[in-house]
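Observations on the model geometry
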Amino acid sequence: MPRVQEIDSNVKELRQTISGLNNHQLSLKASIKKLKERAKVMDEKISNADFALVQAVHDNANFRSKIVQSPDKLQRAREEKKSFQTEAKNAERAAMQSFQNKTAILEVYTKGL
């Protein structure tokens, strides 16, 4: 009989150990579930941050393309453009004056006939 009691005692211990391990397994499963949810949230945040970074790099490149590399060169180009515009206006005035002179001469001839 003492052997039976010893085995019963061992069985009780093993059942308690199994119960404890089952409880531990359940708590580990709950922890894993929480960690997976946190990982999912972090992945979403990382994805959003990556998108924002790509957008910022694109915006940065866009802004860099608008930066004048040589202000002196730009100033010379503006001055040349202004000079061409002035010359074009002067040529237009000269052409208009010539047209008016020729029109006046034509009127003098037509009245004289």
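For the rest of this paragraph, the subject is the overall build of the chain. When helices and strands are counted, the chain shows two helices and zero strands. In terms of overall size, the chain is more extended than a compact globule, its C-alpha atoms giving a radius of gyration of 47 Å where 113 residues would be expected to give roughly 13 Å. Along the first, second and third principal axes, the C-alpha atoms of the chain reach 155 × 35 × 10 Å. Carbon and sulfur atoms provide 59% of the accessible area of the chain, an area that totals close to 11,100 Å².

For the coordinates displayed, the defined rule picks out one salt bridge. In this structure, Glu6 and Arg3 form a salt bridge, with 3.6 Å as the shortest nitrogen-oxygen distance. You can see Glu6 and its partner Arg3 sitting in helix 1 (residues 2–66), three residues apart, about one turn around the helix. In this structure Glu6 comes out as partly exposed when scored by relative accessible area, which is 43%. The exposure class assigned to Arg3 is exposed, which follows from its relative accessible area of 55%.

Among the secondary structure elements, Ser27 is positioned in helix 1. Between the C-alpha atoms of Ser27 and Lys66, which are 39 residues apart in sequence, the distance is 58 Å.

Structurally, Met96 can be placed in helix 2 (residues 71–112). Spatially, the C-alpha atom of Met96 lies 102 Å from that of Asn23, the residues being 73 residues apart in sequence.

Reading the values: rules and limits
- Residues numbered from 1 in each chain as written.
- Predicted model: local features only at pLDDT ≥ 70, side-chain atom pairs only at ≥ 80, totals over all residues.
- Heavy atoms only, no water.
- Helix = DSSP H or I, 4+ residues; strand = E, 2+ residues; numbered from the N terminus.
- Rg over C-alpha atoms; globule rule 2.2 N^0.38 Å.
- Areas by Shrake-Rupley, 256 points an atom, 1.4 Å probe, with all protein chains shown as cover.
- Salt bridge = Lys/Arg side-chain N within 4 Å of Asp/Glu carboxyl O.
- Buried < 20%, exposed > 50% of the residue type's maximum accessible area, 1.4 Å probe, protein only.

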